[in-house]
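As a plain string of letters, each chain reads:
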Amino acid sequence: MTTVERIDPAAPSVFEAFYDAYSRSFNREFDQPYTSIELAVDMVPDEYNATTAHIARDDDGAVVGGAWAELPIKDNVTFAYGEVFVVPEQRRQGHGTALVDSLATACAEAGRSTLLCEGAWGVDDHVAPAKRFAEQAGFTLEIMDAHRELLLPAKLPPLTIDPAYEIRSWRGACPEELVDGYADVRRLMVQEAPSGDSGLENEHWDAARIRSEEAKWEKSGRVPQVSVAIAGDGSVVGHTQLVFPRDSVEVYQWDTLVLASHRGHGLGLALKVCTMHESEDLLNGRRRIHTYNAASNQHMIAVNEAMGFRQVAWLAEYVRALDG
């Protein structure tokens, strides 16, 4: 029998048990957990996201899994972004289903009508337990993403920048003169990149949220190397983020976007290559870079493969309608 309880992740002893189960649930080479400090900071609610967290216990009271969700406050207010995990030796015993149901109930009580979760499996995995579990738990497939890795050190293609554009890169805080333009690009990610048919809207981004994100990254031990493409009129027309967690050998390529009206100039590749050059000292001693993009995004796939990224897994985005 499974017992699920809602928790306050800010309580150290509770979070310790939650994180122990969370980290043990990542038992595949391509799939790596956040560090303890990253997850602890991410789970703290702020003015942009509320959160809900849950743990599952077995008959002996041992923590066997957990779940949590972010509930956006400034945008997409009918959605919740969830994660569910169960330690490997306790799977297929109903714990995951109980956690999903508890999470769905909490999100519905918070006024959300759609729960989004992800499931991952190896590129050659033809069984895909995550797919079977999601379907049995009432989710439907929204969009497929490809997970690619670049092993380090890497041999990069040459850096070529269209003379009509400039690339600026920084580590840590965005320069004040660029922050508004950078926020404008961040705000357009949903409409400019494949995002499925669930009705997601553009996220709320402004200078204040950029500064909030930077402060959160610093608390969580993440060091960001960010680059933007600037057009001749001074507008920011693209960006990329390379994120380095503290006490980890992993690196994460987060958002990369070039506005549609400025594509065809090689900016996506130039942004990524430039960012790697700028973060050469941070790359030293790291094992690999992870990146994720929609399987339908052929342009970005071509950019990643030109850099040497190779697919290792699928990441499926699932949605479940919630009862109000």
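See the structure shown above.
In what follows, the accompanying structure is described. Numbers given for residues are sequential positions, taken from 1 along each chain in its written order. A pLDDT threshold of at least 70 governs which residues receive local features in this predicted model, and a stricter bar of 80 or more applies before side-chain atom pairs are shown or counted, although totals over entire chains, interfaces and linings include all residues. Here the side-chain values reflect all heavy atoms present in the structure, with hydrogen atoms and water set aside.

### Remarks on the overall build of the protein chain
Here a strand is any run of E in DSSP of at least two residues, a helix any run of H or I of at least four, and the numbering for each starts at the N terminus. Across its full length, the protein chain holds 10 helices and 12 strands. Restricting the calculation to C-alpha atoms gives the radius of gyration, and the globule rule supplies 2.2 Å times the number of residues raised to the power 0.38. Radius of gyration (C-alpha) of the protein chain: 20 Å, near the 20 Å computed for a compact globule of 324 residues. With the principal axes as the frame, the protein chain shows a C-alpha extent of 65 × 40 × 35 Å. Within the protein chain, the fraction of its 324 residues that count as buried is 49%. Two residues form a contact once any of their heavy atoms are found within 4.5 Å. Taking all contacts inside the protein chain whose residues are at least 6 apart in sequence as the whole, residues at least 24 apart take part in 72%. To measure how exposed things are, a 1.4 Å probe is used in the Shrake-Rupley method; for residues, cover is taken only from the protein chains shown. Just so you have it, the protein chain exposes about 14,800 Å², and 51% of that area is on carbon and sulfur atoms. His is not counted, nor are the chain ends; Lys and Arg add positive charge and Asp and Glu add negative charge. The atoms used to mark charge sites are NZ of Lys, CZ of Arg, CG of Asp and CD of Glu. Charge-centre separation for the protein chain: the mean point of 29 positive side chains lies 3 Å from the mean point of 50 negative side chains. Throughout this description, buried means an accessible area under 20% of the type-specific maximum (1.4 Å probe, protein chains only), exposed means over 50%, and partly exposed covers the range between.

### Section: unusual backbone geometry
Between Leu 152 and the following residue, Pro 153, the backbone shows a cis peptide bond with an omega angle of -5 degrees. The residue Pro 153 is located in the loop between β6 (140-151) and β7 (166-171) in this model. Although it is not a glycine, Asn 76 sits at a positive phi angle of roughly 45 degrees. Here Asn 76 shows up in the loop between β3 (63-72) and β4 (79-86).

### Points about the packing of helix α8 (residues 267-278) against helix α10 (residues 298-307)
Throughout, an axis means a line fitted to C-alpha atoms (over the contacting stretch in the case of helices), and angles, computed between N-to-C directions, take values from 0 to 180 degrees. Look at α8 against α10: their axes get within 9 Å of each other, and the N-to-C directions meet at 40 degrees. Classified by the interaxial angle, the pair formed by α8 and α10 is oblique. In terms of crossing hand, the pair formed by α8 and α10 is right-handed. Between α8, through Gly 268, Leu 269, Lys 272, Val 273 and Met 276, and α10, the contact on the second element is made entirely by Met 300, Val 303, Asn 304, Ala 306 and Met 307. Across the contact of α8 with α10, the residue classes tally to seven nonpolar, two polar and one charged. An angle counts as roughly parallel when it lies under 35 degrees, as roughly antiparallel when it exceeds 145, as roughly perpendicular when it falls between 65 and 115, and as oblique in every other case. Each crossing gets its hand from how the near helix is turned against the far one by less than a right angle, where anticlockwise is left-handed and clockwise is right-handed. Each residue is assigned to one of three groups, with Ala, Val, Leu, Ile, Met, Phe, Trp, Tyr, Cys and Pro labelled nonpolar, Asp, Glu, Lys and Arg labelled charged, and all others, Gly among them, labelled polar.

### Let's talk about the pairing of strand β8 (residues 222-230)
Along β8, eight of the nine residues are buried, which leaves the element largely enclosed by surrounding structure. Only strands that DSSP links by at least two bridges are regarded as paired with each other. One ladder, built from six bridges, connects β7 with β8; its direction is antiparallel. What sits directly across from Ser 169, in β8, is Ser 227. Relative to strand β9 (residues 236-245), β8 is paired through nine bridges, and the arrangement is antiparallel. Paired with Val 226 across the strands is Gln 241, a residue of β9. Linking β8 to β9, which pair antiparallel, is a turn of five residues; within it Gly 234 sits at a positive phi near 90 degrees.

### Quick notes on the packing of aromatic side chains
Note on aromatic contacts: the rings of Phe and Tyr and the six-membered ring of Trp form a pair at centre separations within 6.5 Å, being stacked when their planes are under 30 degrees apart, edge-to-face when over 60 apart, and tilted otherwise. The final tally for this structure, using the stated rule, is eight aromatic pairs. Ring plane angle 75 degrees and centroid distance 5.4 Å describe the contact between Tyr 22 and Phe 85, whose orientation is recorded as edge-to-face. Taken together, the positions of Tyr 22 in helix α1 (residues 12-24) and Phe 85 in strand β4 put the pair 63 residues apart, joining distant regions of the chain. Residue classification places Tyr 22 among the buried residues on the basis of a relative accessible area of 2%. We classify Phe 85 as buried; its relative accessible area is 5%. Both rings, one in Trp 170 and one in Tyr 182, keep their centres 5.3 Å apart while their planes meet at 85 degrees; by these two values the pair is edge-to-face. In this pair, Trp 170 is assigned in strand β7 and Tyr 182 in helix α5 (residues 179-187), connecting sequence segments 12 residues apart.

### Examining α10
Where α10 is concerned, the buried positions are Met 300, Ile 301, Val 303, Asn 304 and Met 307. Around the axis of α10, the buried residues are gathered within 160 degrees of arc, so they sit on the same side. Residues of α10 that are buried sit in contact with β6, β10 (250-258), α8 and β11 (288-294). Following α10 by one or two positions, Gly 308 has its phi on the positive side, about 105 degrees. Summarising the geometry, the arc corresponds to the directions from the helix axis toward the C-beta atoms.

### Here we look at the pattern of salt bridges
Salt bridge criterion: a side-chain nitrogen from Lys or Arg within 4 Å of a carboxyl oxygen from Asp or Glu. Taken as a whole, this structure holds 24 salt bridges when the rule is applied. A salt bridge links Glu 109 to Arg 6, with the nearest nitrogen and oxygen atoms 2.9 Å apart. Linking Glu 109 in helix α3 (residues 95-109) with Arg 6 in strand β1 (residues 3-7), this pair joins segments that are 103 residues apart in sequence. A salt bridge links Arg 320 to Asp 101, with the shortest nitrogen-to-oxygen separation between them at 3.2 Å. Taken together, the residues Arg 320 in strand β12 (residues 310-321) and Asp 101 in helix α3 connect sequence positions 219 residues apart. Take Arg 320: its relative accessible area is 16%, and that puts it in the buried class. Looking at Asp 101, the relative accessible area reads 35%, which means it is partly exposed.

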